[in-house]
Amino acid sequence: MTKCQKCETGPAGVEGHDKLFTHSMTSNQVQFRCQACGSIWTRHYAPQGGYTWAAPDGIEHTGVRVPGSATQAN
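Every value quoted in this text rests on a predicted model; they were computed, and no experiment measured them.

A. Representation of the pairing of strand E2 (residues 29-34). For E2, the buried fraction is high: 5 of the 6 residues fall into the buried class. Relative to E2, strand E1 (residues 20-25) is paired through 5 bridges, and the arrangement is antiparallel. Pairing of Phe 21 across the sheet is with Arg 33, part of E2. The hairpin turn running from E1 into E2, its antiparallel successor, is 3 residues long. Note: E2 against strand E3 (residues 40-45), 5 bridges, orientation antiparallel. Each bridged residue has a counterpart across the sheet, and for Phe 32 the counterpart in E3 is Trp 41. Hairpin connection of E2 to E3: 5 residues between the antiparallel strands, including Gly 38 at a positive phi of 85°.

B. Summary view of a nonpolar patch on the surface. Taken together, Val 14, Tyr 45 and Tyr 51 make up a surface patch of nonpolar side chains, about 260 Å² in accessible area. Topologically, Tyr 45 is positioned in strand E3. Accessibility expressed as a relative area gives 36% for Tyr 45, which makes it partly exposed.

C. Geometry of the environment of Gly 16. Along the polypeptide, Gly 16 turns up in the loop between helix H1 (5-9) and E1. Expressed as a C-alpha distance, the spacing of Gly 16 and Thr 42, which sit 26 residues apart in the sequence, is 9.9 Å. When sequence neighbours within four positions are dropped, the list of residues in contact with Gly 16 reads Pro 11 and Trp 53.

D. Seen up close, the packing of aromatic side chains. This model, assessed by the stated rule, comprises 1 aromatic pair. Their ring planes at 50° and their centres at 5.2 Å tell us that Phe 32 and Trp 53 sit as a pair that is tilted. Of the two residues, Phe 32 sits in strand E2 while Trp 53 sits in strand E4 (residues 51-54), which places them 21 residues apart along the sequence.

E. Spatial organisation of the pattern of salt bridges. Counting across every chain of the model gives 1 salt bridge. Ionic pairing is found between Lys 6 and Asp 18, a salt bridge with its closest N-O pair at 2.4 Å. Remark: Asp 18 occurs in the loop between H1 and E1 and Lys 6 occurs in helix H1; sequence separation between them is 12 residues. When its relative accessible area of 36% is taken as the criterion, Lys 6 is described as partly exposed.

Definitions and limits used
Chains are numbered independently. Their residues run from 1 in the order of the written sequence. Totals for whole chains, interfaces and linings use all residues, but because this is a predicted model, local features are given only for residues with pLDDT of at least 70 and pairs of side-chain atoms are given and counted only at 80 or more. Think of the side-chain values as coming from all heavy atoms in the structure, minus any hydrogens and water. Burial classes: relative accessible area under 20% of the type maximum marks a residue as buried, over 50% as exposed, and values in between as partly exposed (1.4 Å probe, protein chains only). Going along the chain from the N terminus, every DSSP run of H or I of four or more residues is numbered as a helix, and every run of E of two or more is numbered as a strand. Only strands joined by at least two bridges in the DSSP assignment are considered to pair. Note on patches: the residues involved have over 30% relative accessible area and no salt bridge, like charges join within 9 Å, and the nonpolar side chains Val, Leu, Ile, Met, Phe, Trp and Tyr join within 5 Å. Methods summary: accessible areas were calculated by the Shrake-Rupley approach with a probe of 1.4 Å, and residue burial reflects only the protein chains presented. A side-chain nitrogen of Lys or Arg and a carboxyl oxygen of Asp or Glu constitute a salt bridge if their distance falls within 4 Å. Any pair of residues with heavy atoms lying within 4.5 Å of one another is described as a contacting pair. Ring pairs are drawn from Phe, Tyr and Trp, using the six-membered ring of Trp, whenever the two centres fall within 6.5 Å, and their geometry is named by plane angle: stacked under 30 degrees, edge-to-face over 60, tilted for the rest.

Below, the structure written as structure tokens:
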């Protein structure tokens, strides 16, 4: 899969970038899918409000799916 320029750079800040939309979630992470290129990113939460971004090699976790996430537009 070819990543868009924003995914090549990687997500930054709490929102990641403007083409990332919530795809699924668990109690300690939210998985996002890029509307432009389909890349998957996971935001893991840490104690006291911290978080880290990771690229899970295209593997979707089994969290709760967010309805309509694939069709959300800017």
